[in-house]
Amino acid sequence: MTIKSKKTGKPQFNVLIAVFMIALFVTSCGPKRYLAGDFEQTTVDHKRVAVLPFKIVFTGRLPKDLSEQDLEKIKLNESET
């Protein structure tokens, strides 16, 4: 999308740059509630950081000696952290 000048018919890049800068500013001011408190310190040496969904469902094989009560305890502990 380009906005053309009425006089010259050339695109007005300063309008596009202003829109881009406003969008960048608005998105960078988002909440940091999903980051761990020590995120910056922990990830100093990392080249990549995985972004996981808020809800994780494990569909792999469970240990044979894991009871339903143990599984419910694990789910409860994970939901509280």
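The structure we're discussing is the one just above.
Residues numbered from 1 in each chain as written. Predicted model: local features only at pLDDT ≥ 70, side-chain atom pairs only at ≥ 80, totals over all residues. Heavy atoms only, no water.

Participant: Before we move on, could you go through the overall build of the chain and cite the residues and values that matter?
Facilitator: Across its full length, the chain carries three helices and zero strands. Burial analysis of the chain (81 residues in total) assigns 4% to the buried set. Only carbon and sulfur atoms are counted for the fraction: they give 61% of the accessible area of the chain, which is about 8,600 Å². (Helix = DSSP H or I, 4+ residues; strand = E, 2+ residues; numbered from the N terminus. Buried < 20%, exposed > 50% of the residue type's maximum accessible area, 1.4 Å probe, protein only. Areas by Shrake-Rupley, 256 points an atom, 1.4 Å probe, with all protein chains shown as cover.)

Participant: Please give an account of a nonpolar patch on the surface that cites residues and values.
Facilitator: On the surface, Phe13, Ile17, Phe20, Met21 and Leu24 cluster together into a nonpolar patch covering about 550 Å² of accessible area. Positionally, methionine 21 belongs in helix α1 (residues 13–28). (Patch = residues over 30% accessible without salt bridge, like charges linked within 9 Å, V, L, I, M, F, W, Y side chains within 5 Å. Salt bridge = Lys/Arg side-chain N within 4 Å of Asp/Glu carboxyl O.)

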